[in-house]
Amino acid sequence: MYRKIERIFGGVQRNLTARKRLFSLLMCAGLALSLFGCGAAGGEDAESKAPTDYETQEAIKKQIEDTPIPKGYATLLDDVDEWVTVLCKDGEATVSVRAFMDYTIPYTAELYLPIAQEAAEAAGVTLARFDVNSYNTNKDGIVAETWASWQTEDGSKGTFTDKAGGETVVKPGWTLEEVYEYFSDYDGIVKDMITEAGGSYE
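These lines cover the structure that appears in this document, whether it is placed above or below. Treat the numbers as computed from the prediction; the structure is a model and nothing was measured.

1. Brief notes about the overall build of the protein
Assigned secondary structure in the protein consists of 5 helices and 6 strands. Mapped from its N terminus to its C terminus, the protein presents α and β elements in the order α-α-β-β-α-β-β-β-β-α-α. The buried share of the protein, reckoned over its 202 residues, is 30%. Restricting to contacts in the protein with at least 6 residues of sequence separation, those with at least 24 account for 51%. When the accessible area of the protein is evaluated, it comes to approximately 13,300 Å², of which 53% is carbon and sulfur surface.

2. Thoughts on unusual backbone geometry
Even without being a glycine, D90 presents a positive backbone phi close to 55°. Structurally, the position occupied by D90 is in the loop between β1 (84–89) and β2 (92–98).

3. Focus: the environment of T94
The topology assignment puts T94 in strand β2. On the accessibility criterion, T94 (22% relative accessible area) is partly exposed. For the pair T94 and F130, spaced 36 residues apart in the sequence, the C-alpha separation amounts to 5.8 Å. Among all residues touching T94, those that are not within four sequence positions of it are T85, V86, L87, R129 and D131.

Analysis parameters
- Residues numbered from 1 in each chain as written.
- Predicted model: local features only at pLDDT ≥ 70, side-chain atom pairs only at ≥ 80, totals over all residues.
- Heavy atoms only, no water.
- Helix = DSSP H or I, 4+ residues; strand = E, 2+ residues; numbered from the N terminus.
- Buried < 20%, exposed > 50% of the residue type's maximum accessible area, 1.4 Å probe, protein only.
- Contact = heavy atoms within 4.5 Å.
- Areas by Shrake-Rupley, 256 points an atom, 1.4 Å probe, with all protein chains shown as cover.

This is the structure in structure tokens:
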């Protein structure tokens, strides 16, 4: 009789223990799914709050435009509203600055390259390319052709192109010093431009 009772209650106890284990496993699984769901939602929220390429390029452009420069140096830029253009994609930015004339390219590049680098860093992207260009526009203000440009990917050496003289000149791997030397005959003109605009050339 005692063994019979023991078997009955022992079986009940084992059944209860098995049910407790099953309940615990279900609770753990539910908790894990809940945490996984929260993590996924958090990731989606983080992605939705990340700035778009357009927002990033507008932030870089605004910082470049708003950065104070020495008095008189704005004369190095072309007198147009869109003198700086920024394009962003996949965490990389391309910044293009429009110079007043081909011979102001090295001065404009030296002034705005560090500004563009700082703006890209502040936006959390890589400055993949920096260009300084000068354009020939028609009477309607539409770009007819590029006169000259200096395009760099590493901020040190770049490709210099000049079409102003009729014959196209292309110089890959040129530093800014070499571009300065190329336009050395215009050094006095640039200094006069800056001083006449109320600045001082150093």
